[in-house]
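# Structural features, examined
The residues making up each chain are set out below.
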Amino acid sequence: MSKLFRILSIDGGGIRGIFPAHILCNISEKLGINVADRVDLIAGTSTGSIIAAAIACGISPGIILDLYAKRGPEIFIRRKTWHPEKYQQGFTSAYDSSGLSKVLEDVFKNIKLKEVSRPLIIPATDLGNGGVHVFKSAYSKDFVRDPEVLVRSAVLASCSAPTYFDPAKVDSYLLADGGLWANNPTLVAYVDAQKRLGVAPSDIKILSLGTGHSKIGYGTNPEKKWGLLNGWKGKQFIGFLLSLQAQSTNNTMKLILRDDQLLRLDFESDNELPLDDVSCISDLQSQADHKFTHNAHLIREFFNE
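I will try to describe carefully the structure that is included in this document. Since we're looking at a predicted model, the values are computed, not measured.

## Things to note about the overall build of the protein
Looking only at helices and strands, one finds 11 helices and 12 strands in the protein. For the protein, the C-alpha radius of gyration of 19 Å lies close to 19 Å, the compact-globule estimate for 305 residues. Dimensions along the principal axes, computed over C-alpha positions, put the protein at roughly 60 × 40 × 35 Å. Residue burial in the protein is summarised as follows: out of 305 residues, 53% are buried. Per element, the accessible surface of the protein, about 13800 Å² overall, is 52% carbon and sulfur. Charged side chains in the protein number 34 positive and 33 negative. The centres of these two groups are separated by 2 Å.

## Quick word on the side chain of Ser-93
Among the secondary structure elements, Ser-93 is positioned in the loop between α5 (85-88) and β4 (95-96). Among the polar contacts listed, one links the side chain of Ser-93 to the side chain of Asp-166, at a separation of 2.5 Å.

## Things to note about the nonpolar core
Note that soluble globular proteins tend to have their nonpolar side chains buried in a common cluster. Within the largest apolar cluster, 74 residues are counted, with the highest numbers of intra-cluster contacts made by Leu-8, Ile-27 and Phe-135. With 8 residues, the top contributor of residues to this core is helix α11 (residues 281-304). Apart from residues lying up to four places away in sequence, Leu-8 is in contact with Leu-24, Val-35, Val-39, Leu-41, Ile-42, Ala-43, Ile-55, Leu-207 and Leu-209. Of all hydrophobic cores here, the second largest spans 19 residues; its members include Val-134, Val-188, Tyr-190 and Met-253.

## Focus: the pairing of strand β6 (residues 131-136)
Pairing geometry for strand β5 (residues 120-126) and β6, over 6 bridges, is antiparallel. Bridging from a neighbouring strand, Ile-121 pairs with Lys-136 of β6. A loop of 4 residues connects β5 with β6, the two strands running antiparallel in sequence, and Gly-130 in this loop sits at a positive phi of about 65°.

## A look at the environment of Leu-273
Locating Leu-273 in the fold gives a position in the loop between β12 (268-269) and α11. Accessibility expressed as a relative area gives 19% for Leu-273, which makes it buried. Taking the C-alpha atoms as reference, Leu-273 lies 23 Å from Leu-263; in sequence the two are 10 residues apart. Excluding residues that lie within four positions of it along the chain, Leu-273 makes contacts with Arg-16, Gly-212, His-213, Ser-214 and Phe-267.

## Points about the pattern of salt bridges
Overall, the coordinates contain 17 salt bridges when judged by the stated rule. Note that Asp-106 is salt-bridged to Arg-71, the shortest N-O span being 2.9 Å. Remark: Arg-71 occurs in helix α4 (residues 61-75) and Asp-106 occurs in helix α6 (residues 98-108); sequence separation between them is 35 residues. Here Asp-106 falls in the partly exposed class, since its relative accessible area comes to 27%. Linking Arg-196 and Asp-142 is a salt bridge whose minimum nitrogen-to-oxygen distance equals 3.6 Å. Of this pair, Arg-196 sits in the loop between α9 (186-195) and β9 (204-209) while Asp-142 sits in the loop between β6 and α7 (151-159); the two residues are 54 residues apart in sequence, bridging distant segments of the chain. Overall, the relative accessible area of 34% leaves Arg-196 in the partly exposed class. Exposure remark for Asp-142: the relative accessible area of 45% places this residue in the partly exposed category.

Basis of the calculations
- Think of each chain on its own: its residues are numbered from 1, step by step along the sequence as written.
- Two thresholds apply to this predicted model, a pLDDT of at least 70 for residue-level local features and 80 or more for giving and counting side-chain atom pairs, whereas whole-chain, interface and lining totals are computed over all residues.
- Computation of side-chain values covers all heavy atoms of the structure but excludes hydrogens and water.
- Helix and strand assignments come from DSSP, with helices taken as H or I runs of at least 4 residues and strands as E runs of at least 2, each series counted from the N terminus.
- Here the globule rule reads 2.2 Å times residues to the power 0.38, and the radius of gyration is calculated from C-alpha atoms.
- Only protein chains enter the accessibility calculation, which uses a 1.4 Å probe; a residue whose area is less than 20% of its type maximum is buried, one above 50% is exposed, and one in between is partly exposed.
- Only the protein chains shown count as cover for residues, and the accessible areas themselves come from Shrake-Rupley with a 1.4 Å probe.
- Charge assignment: positive for Lys and Arg, negative for Asp and Glu; neither His nor the chain ends contribute.
- Charge coordinates come from a single atom per side chain, which is NZ of Lys, CZ of Arg, CG of Asp or CD of Glu.
- Two N or O atoms form a polar contact when they lie within 3.5 Å of each other; inside protein one atom must be a possible hydrogen donor and the other a possible acceptor, and for residues adjacent in sequence the pair counts only when both atoms belong to side chains.
- Definition of nonpolar core: a set of buried residues of the types Ala, Val, Leu, Ile, Met, Phe, Trp, Tyr and Cys, connected through side-chain atoms within 4.5 Å.
- Contact criterion: two residues are considered in contact whenever any of their non-hydrogen atoms come within 4.5 Å of each other.
- Here, a strand pair is defined by DSSP locating no fewer than two bridges between the strands.
- In what follows, salt bridge is the name for a side-chain nitrogen of Lys or Arg lying within 4 Å of a carboxyl oxygen of Asp or Glu.

If you want it as C-alpha cells, here you go:
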C-alpha cells in the first residue's frame, strides 16, 4: 500500500491570516496533533507564508496565533505622506514595510532556507522579469538559487501586496506578493510534489486553509466611473483579485482530486473583509473556531488515516 503524502496549503489574506492560524492552534491544542510532524510539504502565500514558514521552522501554532493577535497593529504602520488618506493609494503604498520586517525578524531570526528541514514553498512575484518567483527550502538537489536566502526575506517578499507595501528586494530580484498568481498555493504544491518528489497523484492529500472571502461585489451599474480609486476602489480591487485567484484554484483542485483528497476550510462573509483591518481579529478567531468545531472529525481523519 502506498504511503499518503500530506500537503498543508495556506492562502494569503493579510490580517485574515489569523483564521488559519487559529485553526492550526486548535488542531495542536484540542486534537493533540503536531502538524509539522504530520505533513510532508508546506506551502503558504503572503500572510500564509508567515504561518507556513513558521510551522516548517518548528515554531508552535500558539506563537503564530499570538503574532497576529498581539502584533497585528505593528505590521500595518501607515506611511507618512502629505496626500489625503483616500488618495494615498494612488501615489504610494499605504504602509511602511519596516513594521512587518521587524516582526518577521523577531520570529525567524537569521534562519536560511537551506536550514529549513521540511519541504517549504513560498510563492512571490518577480516584477523585474515579469514572471513568477517561487522560494523553496532545499528539498531537491536541483535547487541552487535560494539556499542562502533568509526565510524572513522570502516571507517579506511574498507579503508585499501592491498598494499595501512596496516591493521587496531579495538579492538581484524585485519581488511582490505571490498572491497575484498563487494566493491559494495548493496547485503549486500539488505539482511540485509530483515533479520534484515523485509522489503519485493518487497518494496526495491536501489540507487547504483559506482566509475568507466576501460576497460583496461591485454591482451592475454600467454608468459607473471605473477609475482605480473610485470605481475599482484601489485596495478593494487587490483583495478582489486575490479572492478570485484563491477560489479559482480551489475549483480547479476539486476537479483534479477525489473528494477524499482535498479538505478545504474557508468561510464566506456578507461583509467586506479588508486585508488590513486589525479590528476584526476577534471576529476572525470566532469564525475559525466555528469552522474547526464543525470539521474536527474531518481534520482528525485527514491526519490519522
